[in-house]
Amino acid sequence: MKPLLYIMLLMPLAAPSATAQQKKLAQTGMKFLAVSVDPRAAGLGDALTAVEHGSASLFYNPGGMAWQKSNLDIMLGQTQWIAEIDYSMGSIAFRPGRGRLGVIGFSFVIVDYGDLEETIRFNNEQGFLDVGTFSPSAWSFGVGYARTLSDRFSVGAQLKWANQYLGNSVVGLGENSEYVREKVEERVLAYDFGVLYKTGFRSLNFAVSARNFAPEFTFSEESVALPLTLRIGVSMDMMDLIDRGSTMHQLLLSVDAANPRDYSEQIKVGTEYIFVDTFVIRAGYTFPTDEQGLSLGLGLRQSLRRFGFGADYSFTDFGIFSNVQRLAIRFSL
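Residues numbered from 1 in each chain as written. Predicted model: local features only at pLDDT ≥ 70, side-chain atom pairs only at ≥ 80, totals over all residues. Heavy atoms only, no water.

Enquirer: Describe the overall build of the chain, and please don't skip the residues or the numbers.
Expert: On a plain count of helices and strands, the chain comes out with 3 helices and 18 strands. The globule rule puts the C-alpha radius of gyration for 333 residues at 20 Å, and the 21 Å found for the chain is close to it. Taken along its principal axes, the extent of the C-alpha atoms in the chain is 75 × 40 × 40 Å. Taking all 333 residues of the chain together, the buried fraction comes to 47%. For the chain, restricting intrachain contacts to residue pairs at least 6 apart in sequence, the fraction spanning at least 24 positions comes to 55%. Looking at the chain as shown, the accessible area adds up to about 17,000 Å², and 59% of this sits on carbon and sulfur atoms. Distance from the positive charge centre (29 side chains) to the negative charge centre (34 side chains) of the chain: 15 Å. (Helix = DSSP H or I, 4+ residues; strand = E, 2+ residues; numbered from the N terminus. Rg over C-alpha atoms; globule rule 2.2 N^0.38 Å. Buried < 20%, exposed > 50% of the residue type's maximum accessible area, 1.4 Å probe, protein only. Contact = heavy atoms within 4.5 Å. Areas by Shrake-Rupley, 256 points an atom, 1.4 Å probe, with all protein chains shown as cover. Lys, Arg positive; Asp, Glu negative; His and termini not counted. Charge placed at Lys NZ, Arg CZ, Asp CG, Glu CD.)

Below, the structure written as structure tokens:
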């Protein structure tokens, strides 16, 4: 019963977000920390909380990293987000002492927003002046640790350093009618926590995660909070009900309930079919949403003795916005 006790102790951590949700809708900063960057997760509708996923678990539930089977796991990926915004991501995790000392992982996300037109208010017909372009950016780097406390229960956490730069804003005119600029940039320490519990019934997993814990900070005289999110998820290989332990066919079903700080609760559902432990097809859906539609994904995995290789791709329909595509490769030893 101890694993269930740990889970129940973690769940109250989300109480502040539930209480403040009515006051904080659409009022969080550094939203890039809430964007899903892994194509496998996206193909599952982001329902990855209760799924073991090696080093990439740091982006969803650090507790899932504890079940990593290889001594070294590396993932690198790219996301073509809405409005031609590009996300680059990577994660690496290793098991010192073949897992007896837990699993240590590192993650990064780098965001390129491209060049944007910069204007300032002015008393003319247009009501503004064009003062050139600027290039905002954002990044986060994290270090995480996960460990199994029993043959069924694992815990994990990640500490990450996040930064967002919004350019050098014009704040006035100097003596020679030159623009006086002020750098608009903030950094913050954030924390992620997660647990994963193997129930013992076939491959049924239950998990809880909480991401982006941090105190409020001031961004250009405005107090903002990070996009704190609590998730509860379950997952299971449905083929275990028919042919337990089959390597010919696997059919993962994963469901998450998400309670974010800055918008209404969502249900995320995903399924993943794996044929001969090599070819992968995924589909996922999140509801309710305004524009995000069905997500689809493909994957390929292969292993040669101790060396493993995998590639994943996902496509998500975002309605009137541009479609989102993600691609990642993975190596393991």
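Enquirer: Give a detailed account of the nonpolar core, specifying residues and quantitative values.
Expert: Residues M30, F32, W81, Y87, V111 and L226 are the most contacted members of the largest nonpolar core, which totals 35 residues. Of all the elements in the fold, those that place two or more residues in this core are strand 2 (86-94), strand 3 (103-112), strand 8 (179-198), strand 10 (217-219) and strand 18 (324-332). The element that contributes the greatest number of residues to this core is strand 8, accounting for 3 residues. Beyond its immediate stretch of four places on either side in the chain, Y87 contacts F32, V35, V37, G77, Q78, T79, W81, V109, I110 and V111. Residues F153, Y197, V208 and L228 belong to the second largest nonpolar core, which totals 8 residues. (Core = buried A, V, L, I, M, F, W, Y, C linked by side-chain atoms within 4.5 Å.)

Enquirer: Got a sec to walk through the pairing of strand 17 (residues 307-316)? Specific residues and values, please.
Expert: Only one face of strand 17 is covered, namely the one carrying G308, G310, D312, S314 and T316; the face carrying F307, F309, A311, Y313 and F315 has none of its residues buried. Sheet topology note: the strand 16 (residues 295-304)/strand 17 ladder contains 10 bridges and is antiparallel. Paired with G299 across the bridge in strand 17 is D312. Between the end of strand 16 and the start of strand 17, which pair antiparallel, lie 2 residues, with R305 showing a positive phi angle near 55°. Pairing geometry for strand 17 and strand 18, over 9 bridges, is antiparallel. Counterpart to T316 in the pairing with strand 18 is V324. (Pairing = 2+ DSSP bridges.)

Enquirer: Go over the environment of S107, please, and point to the residues and values.
Expert: Here S107 is to be found in strand 3. For S107, a relative accessible area of 9% corresponds to the buried category. As a C-alpha pair, S107 and F59 span 48 residues in sequence and 7.9 Å in three-dimensional space. A polar side-chain atom of S107 sits 2.5 Å from a polar atom in the side chain of Q158. (Polar contact = N/O pair within 3.5 Å; in protein donor to acceptor, adjacent residues only side chain to side chain.)

Enquirer: Tell me about the packing of aromatic side chains, and please be specific about residues and values.
Expert: Geometry of an aromatic ring pair is reported as the spacing of the ring centres plus the angle between the planes. Scanning the model with the defined rule gives 9 aromatic pairs in all. Here W81 and Y87 contribute two aromatic rings whose centre-to-centre distance is 6.2 Å and whose plane-to-plane angle is 75°, an arrangement assigned as edge-to-face. Here W81 matches Y87 in class, with each residue buried. With a centroid separation of 6.3 Å and an interplanar angle of 35°, the aromatic rings of F307 and F331 are classed as tilted. With F307 in strand 17 and F331 in strand 18, this residue pair connects regions lying 24 residues apart in the sequence. (Phe/Tyr/Trp six-rings, centres within 6.5 Å; stacked < 30°, edge-to-face > 60°.)

Enquirer: Explain the pattern of salt bridges to me, using residue names and the numbers behind them.
Expert: For the structure on display, the rule yields 11 salt bridges. Where D192 meets K160, a salt bridge forms, and the shortest distance between an N and an O atom there is 3.0 Å. With D192 in strand 8 and K160 in strand 7 (residues 153-173), the pair connects residues that are 32 residues apart, well separated along the chain. Exposure class is identical for D192 and K160. Each is buried. One continuous salt-bridge network, built from bridges that share partners, spans R40, E272, R282 and D312. (Salt bridge = Lys/Arg side-chain N within 4 Å of Asp/Glu carboxyl O.)

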